[in-house]
Amino acid sequence: MAKLFKKLPEPFKVGSMELKNRIVMPALNNNYTHRGFMTDLSVDFYVSRARGGAGLITVEASSVDYPRSRSVLNPAIDDDQYIPMFKEISAGVHRYGSKIIVQLSHVGRQTRKSTTGLTTIAPSAVACKSPLYPDTPRELSLEEIGDIILRFGGAAVRAQRAGLDGVEIVMGHGYLANNFLTPAANLRRDEYGGIKGGIKFCTDIVTEIKKNCGNDFPVVCRINGDDYIMRGGNTPVEALMLASELEKAGADAISVSAGMRDSELSYNDHTSASPRGGWVHLAERIKKGIHIPVIAVKRLTPELAEQILEEGKADLVAFGKPFIADPDFANKMLKGNLEDIVPCTSCCQGCYDVIWMFRPITCMLNPEVGRIRSRDIPSPSESKNVVVVGGGPAGCEAALVASKRGHRVTLLEKSSSLGGNYQICTHSPNKNEMNRVFPYFSRVLKKNKVKVKIGLEFTPDMIEGYEPDVLILATGSDFQMVNIQGINSPHVMSPIEAITGSKETGGYVVIWTCSHHCTWTCGIKPQPIPDDITGLKTTESYACAAGHAAVDTAEALAAQGKIVTIITERDALVPGMGFTNRGNLFKRFFQANIRVSNNVKVKEIKRDGIVCEKEGIDFLLYADSLVVSVGMKPRDQLGELVKGRVKEVYSVGDCSKIGNALTAIHTAYDVVGKI
């Protein structure tokens, strides 16, 4: 039975802006722009989310000083030449009854000279602690501060002229306004120094916008409810000070976020390792101290969002990544069709990880994200009999897309359930949400009339019985065991054996990964961004299944009380993993006593440990158990066995090229388009 919500569909008013429901899509940068201009893909991204039912849509962080204020491929709004595309977005969103605002942004020190072509700037010459932003900024003069405030005002005027319904000012997340507010970043002694000076900078921006655009043009302020840095950061006390002063200055709503890049803590983690609704208490506290509407955010579920509204903890609720994964998220939620929603598991691999690689974002589970749906692959001229072998990520996606395109599809999986090696990650205490992936596939495969046969291993002699026109091989890969003395010892195991408990692990566990035996999928593959304003290149990379399995196994075993050490033969652990996942991973590792040592060569395995070499020194590393996750070997034998027996044969996922779940699903989507 469909589940209906009462509070989520209620109309609500923010200043003069009347919303059709209480569902907000927050600012989500996507790297779809070109030289600061929105593109057709940008327009489609926002209009499709309006079509999908969002009450309020926030356009991504748009630079009020381009390109100085870009940290990724931000759009610009500091010149009239950018207005036409904003107009197109506004008109498209309004056709579906949604309201739209734009987040006005100055990133301050959270960028690089290589990204902007210019020296970074900040309230004081204090560098960000994040490895993403190593440049020491130049301190702003009073005249420059005044100019930036005017730039925010001018950008708001352009938004108003473009037909947008209001603006949002980003005052958190470690960007420029947040730097003014944070003692660790603002060492000034003038009128913009200290918390009082930081509040003045923020209220001056609101005042300037209201002066330029009028009191009926809504201004939302997105603030940190807590900076989450150990020394020199603001707490909920200072957040309420700021919110109160913003209300006095004329702000129409407060959106409560949290965290800075500088944080040594993992409270601003955007992955599934962070708790659902972890920042709601910050929004609730601020709501109790002010009179204007408050927006809550942070990994909300539909049920949790409804509860927040019912209990009066916030007035509006924002869903970020769920709107990336499924453009129709709001409509499906409001209709109670929760099982039809493409689930966001907060893996961050296609969105938050990719954004810092200067690549257009997508979604692991929804390869259509980043493509204009009206330009999808055309339907085939004939319906074919398609047999898919393998029920891992690639096989399920191939079967689903083939069926959606009009083919008759049978999926064969030899084990007792769908999932393949991907199920390793579901054992990690920080990736329990990955358990949603294959129940989702099971539902949508059934809904799309795919015949799924579990516990049936495909052999070439079955071709005559199924008579496929197309055979898609998605047989995955195996963890490879290298030829080294002692590899067959009873205390040596694969990640699957360790994480499932099919082999018992001792108290001291060593995990060997990122070896020279690996095919090195983590290597960065820079590509020029066409006609970029500073000649910027992408830094695209990805970690293979062996790397992911190593870290997932480490966290699972540490949660069982094991003492876990990871050794790599290369100079880093899973360097291809994106910044969002990898950065928070190491923060969690330290808290869980998982230690990592790089450039360690494994020479021999003995019963009482591993003979290693580092810096030319041989030594014995004690271990009760050794987990080997040094690479994957494709299961590609079937390809030769069926050659010439089926007209069309395709291989997708790891049996074709070693990768991870994202690459498996996306290559399967692309390959099926060839049928």
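Structural data are supplied above this passage.
Calculation rules
- In every chain, residue numbers begin from 1 and rise along the written sequence.
- Given that the model is predicted, a residue must reach a pLDDT of at least 70 before its local features are reported, and side-chain atom pairs must reach 80 or more before they are shown or counted; all residues, however, enter totals for whole chains, interfaces and linings.
- For the side-chain quantities, the full set of heavy atoms in the structure was used; hydrogens and water were omitted.
- Strand pairing is assigned whenever DSSP detects at least two bridges linking the two strands.
- Numbering of helices and strands runs from the N terminus, with a helix taken as a DSSP run of H or I at least four residues long and a strand as a DSSP run of E at least two residues long.
- Helix axes use the C-alpha atoms of the stretch in contact, all axes being lines fitted to C-alpha atoms, and the angles between their N-to-C directions lie in the range 0 to 180 degrees.
- Classification of ring pairs rests on two measures: the distance between centres of Phe, Tyr or Trp rings, Trp counted by its six-membered ring, which must be within 6.5 Å, and the angle between planes, read as stacked under 30 degrees, edge-to-face over 60 and tilted in between.
- To sort residues, take the accessible area from a 1.4 Å probe on protein chains only and compare it with the maximum for the residue type: under 20% means buried, over 50% means exposed, and anything in between is partly exposed.
- Throughout this description, the term salt bridge denotes a Lys or Arg side-chain nitrogen within 4 Å of a carboxyl oxygen of Asp or Glu.
- Residues belong to a common nonpolar core when they are buried Ala, Val, Leu, Ile, Met, Phe, Trp, Tyr or Cys residues joined through side-chain atoms within 4.5 Å.
- The contact criterion used throughout is that any non-hydrogen atoms of two residues lie within 4.5 Å.
- Should an angle fall under 35 degrees it is taken as roughly parallel, and over 145 as roughly antiparallel, whereas 65 to 115 is taken as roughly perpendicular and any remaining angle as oblique.
- Should the near helix be turned anticlockwise from the far one by less than a right angle, the crossing is left-handed, and should it be turned clockwise, the crossing is right-handed.
- Residues are sorted three ways: Asp, Glu, Lys and Arg are charged, Ala, Val, Leu, Ile, Met, Phe, Trp, Tyr, Cys and Pro are nonpolar, and all the rest, Gly among them, are polar.
- Expected span of a helix, by definition, is 1.5 Å for each gap between consecutive residues, and there is one gap fewer than residues.
- Only residues above 30% relative accessible area that lack a salt bridge enter a patch, with like-charged residues linked at up to 9 Å and the nonpolar side chains Val, Leu, Ile, Met, Phe, Trp and Tyr linked at up to 5 Å.
- Computed by Shrake-Rupley with a 1.4 Å probe, the accessible areas treat only the displayed protein chains as cover when residues are assessed.
- Think of it this way: Lys and Arg go in the positive column, Asp and Glu in the negative one, and His and the chain ends go nowhere.
- All charge positions are set by atom: Lys at NZ, Arg at CZ, Asp at CG, Glu at CD.
- Here, two cysteine sulfur atoms that lie within 2.5 Å of each other are counted as a disulfide.

Caption draft 1: Inspection of the pairing of strand E15 (residues 451-454) at higher detail. Note: strand E14 (residues 408-413) against E15, 4 bridges, orientation parallel. Each bridged residue has a counterpart across the sheet, and for Leu412 the counterpart in E15 is Lys453.

Caption draft 2: View of the sheet that holds strand E13 (residues 385-389). Reading across the sheet, the 5 strands line up as E15-E14-E13-E16-E27 and stay open at both edges, with parallel pairing between neighbours. Bordering the open sheet on either side are E15 and strand E27 (648-651), each of which pairs with just one other strand. Neighbour to neighbour, the strand axes of the sheet diverge by 15° on average, direction disregarded.

Caption draft 3: Local environment of the packing of aromatic side chains. Taken as a whole and judged by the stated rule, the model has 13 aromatic pairs. An angle of 75° between the planes, with centres 5.7 Å apart, marks the rings of Tyr32 and Phe45 as edge-to-face. Of this pair, Tyr32 sits in the loop between strand E3 (23-25) and helix H1 (40-51) while Phe45 sits in helix H1, and the two are 13 residues apart along the sequence. Given the relative accessible area of 5%, Tyr32 is considered buried. When its relative accessible area of 2% is taken as the criterion, Phe45 is described as buried. Note on Tyr192 and Phe201: the rings are 6.3 Å apart at their centroids and 85° apart in plane angle, and the pair reads as edge-to-face.

Caption draft 4: Structural context of the pattern of salt bridges. Inspection of the entire model under this criterion finds 36 salt bridges. Linking Lys211 and Glu208 is a salt bridge whose minimum nitrogen-to-oxygen distance equals 3.3 Å. With Lys211 and Glu208 both in helix H6 (residues 194-213), this residue pair falls 3 residues apart, about one helical turn. You can call Lys211 exposed: its relative accessible area is 60%. Look at Glu208 and you get buried, because its relative accessible area is 11%. The closest approach of N and O atoms between Glu648 and Lys384, which form a salt bridge, is 2.5 Å. In this pair, Glu648 sits in strand E27 while Lys384 sits in the loop between helix H12 (352-355) and E13, placing the two residues 264 residues apart along the sequence.

Caption draft 5: Molecular detail of the pairing of strand E16 (residues 470-473). Residue alternation in E16 divides its side chains into two sets, Val470 and Ile472 and Leu471 and Leu473, and both sets are buried. Taken together, the 4 bridges between E13 and E16 define a ladder with parallel strand orientation. Opposite Val386, over in E16, you have Val470 as the bridge partner. Bridge analysis of E16 against E27 gives 4 bridges, and the strand direction is parallel. By the bridge assignment, Leu473 is partnered in E27 with Ser651.

Caption draft 6: Here's a closer look at the nonpolar core. Ranked by size, the top nonpolar core spans 157 residues in total, and within it Leu104, Val167, Phe201, Leu246 and Phe441 carry the most contacts. A total of 8 residues in this core trace back to one element, the largest contributor, which is helix H20 (residues 661-672). The residues contacting Phe201, other than those within four sequence positions of it, are Ile145, Ile148, Ile149, Leu176, Ala177, Phe180 and Tyr192. In this structure, Val509, Ile511, Cys514 and Val574 belong to the second largest nonpolar core, which totals 21 residues.

Caption draft 7: Focus on the packing of helix H17 (residues 545-559) against helix H18 (residues 579-591). Relative orientation of the contacting elements H17 and H18 amounts to 30°, with a least axis distance of 11 Å. For the element pair H17 / H18, the angle class is roughly parallel. When you trace H17 past H18, the crossing you get is left-handed. Across the interface between the two elements, Val551, Ala554 and Glu555 of H17 pack against Leu585, Arg588 and Phe589 of H18. Its residues assigned to classes, the contact of H17 with H18 comprises 4 nonpolar, no polar and 2 charged.

Caption draft 8: Structural view of the packing of helix H7 (residues 236-249) against helix H8 (residues 280-287). Two numbers describe how H7 lies on H8: the axes approach to 10 Å, and their chain directions differ by 45°. Judged by the angle between their axes, H7 and H8 are oblique. Note that H7 runs across H8; the crossing there is right-handed. Here H7 contributes Pro236, Ala239, Leu240 and Ala243 to the contact with H8, which in turn contributes Leu282, Arg285 and Ile286.

Caption draft 9: Representation of H6 in the model. For H6, with 20 residues, the first-to-last C-alpha span of 29 Å sits near the 28 Å given by 1.5 Å per residue. For H6, the set of buried residues is Gly197, Gly198, Ile199, Phe201, Cys202, Thr203, Ile205, Val206, Glu208, Ile209, Lys210 and Cys213. Once H6 ends, the next one or two residues include Gly214, with phi positive near 90°.

Caption draft 10: Spotlight on the environment of His291. Tracing the chain through its elements places His291 in the loop between H8 and strand E11 (294-296). Between the C-alpha atom of His291 and that of Ala162, which follows or precedes it by 129 residues, the distance is 29 Å.

Caption draft 11: Expanded view of the sheet that holds strand E4 (residues 56-63). Taken in spatial order, the 8 strands of this closed barrel run E3-E4-E5-E8-E9-E10-E11-E12, and their pairing is parallel. Neighbouring strand axes in the sheet, compared pairwise and without regard to direction, differ in orientation by 30° on average. As judged from the 6 bridges shared by E4 and strand E5 (residues 99-105), these two strands associate in the parallel manner. Paired with Ser62 across the bridge in E5 is Leu104. Along the sheet, H7 contacts strand E9 (219-224) and strand E10 (253-257); its crossing angle with E9, the most-contacted strand, is approximately 170°. On top of the sheet, H8 reaches E9, E10 and E11; it is set at about 170° to E11, its chief contact.

Caption draft 12: How the structure looks around unusual backbone geometry. Cis geometry marks the peptide bond from Tyr66 to Pro67, where omega comes out at 0°. In this structure, Pro67 sits in the loop between E4 and helix H2 (83-94). In this structure, Arg35 takes a positive phi of about 55° despite not being glycine. Mapped onto the elements of the fold, Arg35 is located in the loop between E3 and H1. Exposure remark for Arg35: the relative accessible area of 32% places this residue in the partly exposed category. In this model, His173 sits at a positive phi of 65°, which is unusual for a non-glycine residue. By the element assignment, His173 lies in the loop between strand E8 (166-170) and helix H5 (176-181).

Caption draft 13: How the structure looks around a negative patch on the surface. There is a patch of like negative charges on the surface, built from Glu382, Asp461, Glu464, Glu467 and Asp469. Of note, Glu464 is situated in helix H15 (residues 463-466). Among the residues examined, Glu464 registers a relative accessible area of 64% and is labelled exposed.

Caption draft 14: Spatial organisation of the state of the cysteines. Counted under the stated rule, the structure contains 0 disulfides. Counting only cysteine sulfurs, Cys518 is the nearest neighbor of Cys544, a cysteine outside any disulfide, at a range of 4.2 Å. Looking at the unpaired Cys655, the closest cysteine sulfur is the one in Cys396, lying at 14 Å. For Cys655, a relative accessible area of 6% corresponds to the buried category.

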